[in-house]
Amino acid sequence: MIKAVILGQPDTVTAQQKGVMVRGGRVMFYTMKKVQDAKDNLTAELRRHAPRKPIDWPVLLMIRFYFKPVKARSTERTHGVRPDVDNLAKGVLDCLGPAGWRKDDALIDQLIVTKARSEDARLEVELKDIVP
């Protein structure tokens, strides 16, 4: 089992936030600086918790996003607003390879992603062996 707990408010920028420009009559898409910076920071944090060798067998991946409560709904524990949980998960999945956690996306056999509110804002990423 490998687990990382990254303290602080999780980044809410997602890979789906693309920049668009027209150059020479051609539409071009690019990764925005804030998205690239968020990915670089997350990769660096995950690298600190990486195994000695990247995982090369099927695993269960659990990702938990905990955001600080907002004043308007201070007792609310769910986080039923943007960003979407699938977009948040994609950002973490994109960083696991470069951070040295796993060799291939296909090795993630099961995926559990949750988001909630907590006074202790954080991101938890956990890989577990799959028990047959």
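Before any of the text, the structure's been laid out above.
An account of the accompanying structure is given in this report. Per chain, residue numbering runs from 1 following the sequence as it is written. Residue-level local features of this predicted model are given only where pLDDT is at least 70; pairs of side-chain atoms are given and counted only at 80 or more, and the full residue set underlies all totals for whole chains, interfaces and linings. Working from all heavy atoms in the structure, the side-chain values ignore hydrogens and water.

### Description of the overall build of the protein
Next, step 1: Of regular secondary structure, the protein possesses two helices and six strands.
Next, step 2: Secondary structure follows DSSP: runs of H or I at least 4 residues long count as helices, runs of E at least 2 residues long count as strands, and numbering of each begins at the N terminus. Reading the helices (α) and strands (β) of the protein from amino to carboxyl end gives β-β-β-α-β-α-β-β.
Next, step 3: Within the protein, buried positions represent 37% of all 132 residues.
Next, step 4: Note on definitions: a residue-residue contact is assigned when non-hydrogen atoms from the two residues lie within 4.5 Å. In the protein, the proportion of contacts linking residues at least 24 apart, taken out of those at least 6 apart, comes to 84%.
Next, step 5: Computed with a 1.4 Å probe, the accessible areas rest on the Shrake-Rupley method; for each residue, only the protein chains presented here act as cover. When the accessible surface of the protein is summed, it comes to about 8,300 Å², and 52% of that surface belongs to carbon and sulfur atoms. The buried label goes to any residue with under 20% of its type's maximum accessible area, the exposed label to any with over 50%, and the partly exposed label to all in between, with areas taken from a 1.4 Å probe on protein chains only.

### Some thoughts on the pattern of salt bridges
Next, step 1: What counts as a salt bridge is simple: a side-chain nitrogen of Lys or Arg found within 4 Å of a carboxyl oxygen of Asp or Glu. Enumeration according to the criterion identifies nine salt bridges in this entry.
Next, step 2: Ionic pairing is found between Glu-124 and Arg-122, a salt bridge with its closest N-O pair at 2.8 Å.
Next, step 3: A relative accessible area of 9% means that Glu-124 is categorised as buried.
Next, step 4: Residue classification places Arg-122 among the buried positions, given a relative accessible area of 17%.
Next, step 5: Through salt bridges with shared partners, a single network forms among Arg-64, Arg-122, Glu-124, Glu-126 and Lys-128.

### Focus: helix α2 (residues 85–96)
Next, step 1: To estimate the expected span of a helix, count its residues, drop one, and scale the result by 1.5 Å. In this model, α2 (12 residues) spans 17 Å end to end at C-alpha, consistent with the 16 Å of a helix rising 1.5 Å per residue.
Next, step 2: Every buried residue of α2 is accounted for by Asn-87, Leu-88, Ala-89, Gly-91, Val-92, Leu-93, Cys-95 and Leu-96.
Next, step 3: Against the buried residues of α2 lie α1 (33–47), β4 (59–67), β5 (108–117) and β6 (122–129).

### Here's the deal with the nonpolar core
Next, step 1: Note on terminology: a nonpolar core comprises buried Ala, Val, Leu, Ile, Met, Phe, Trp, Tyr and Cys residues joined through side-chain atoms within 4.5 Å. Leu-46, Leu-61, Val-92, Leu-96, Trp-101, Leu-123 and Val-125 are the most contacted members of the largest nonpolar core, which totals 23 residues.
Next, step 2: Within the residue set of this core, elements represented by two or more residues are β1 (2–7), α1, β4, α2 and β6.
Next, step 3: Here this core takes six residues from α2, the largest share from any one element.
Next, step 4: Excluding its chain neighbours within four sequence positions, the residues that come into contact with Leu-46 are Ala-4, Ile-6, Cys-95, Leu-96, Ala-99, Trp-101 and Val-125.

### Remarks on a nonpolar patch on the surface
Next, step 1: Like charges within 9 Å and nonpolar side chains (Val, Leu, Ile, Met, Phe, Trp, Tyr) within 5 Å are joined into patches, using only residues over 30% in relative accessible area that form no salt bridge. Together, Val-20, Val-22, Val-27 and Phe-29 line one region of the surface with nonpolar side chains, adding up to about 430 Å² of accessible area.
Next, step 2: Counting residues per element, the ones that place at least two in the nonpolar patch are β2 (18–23) and β3 (26–31).
Next, step 3: Mapped onto the secondary structure, Val-27 falls in strand β3.
Next, step 4: Given a relative accessible area of 54%, Val-27 falls into the exposed group.

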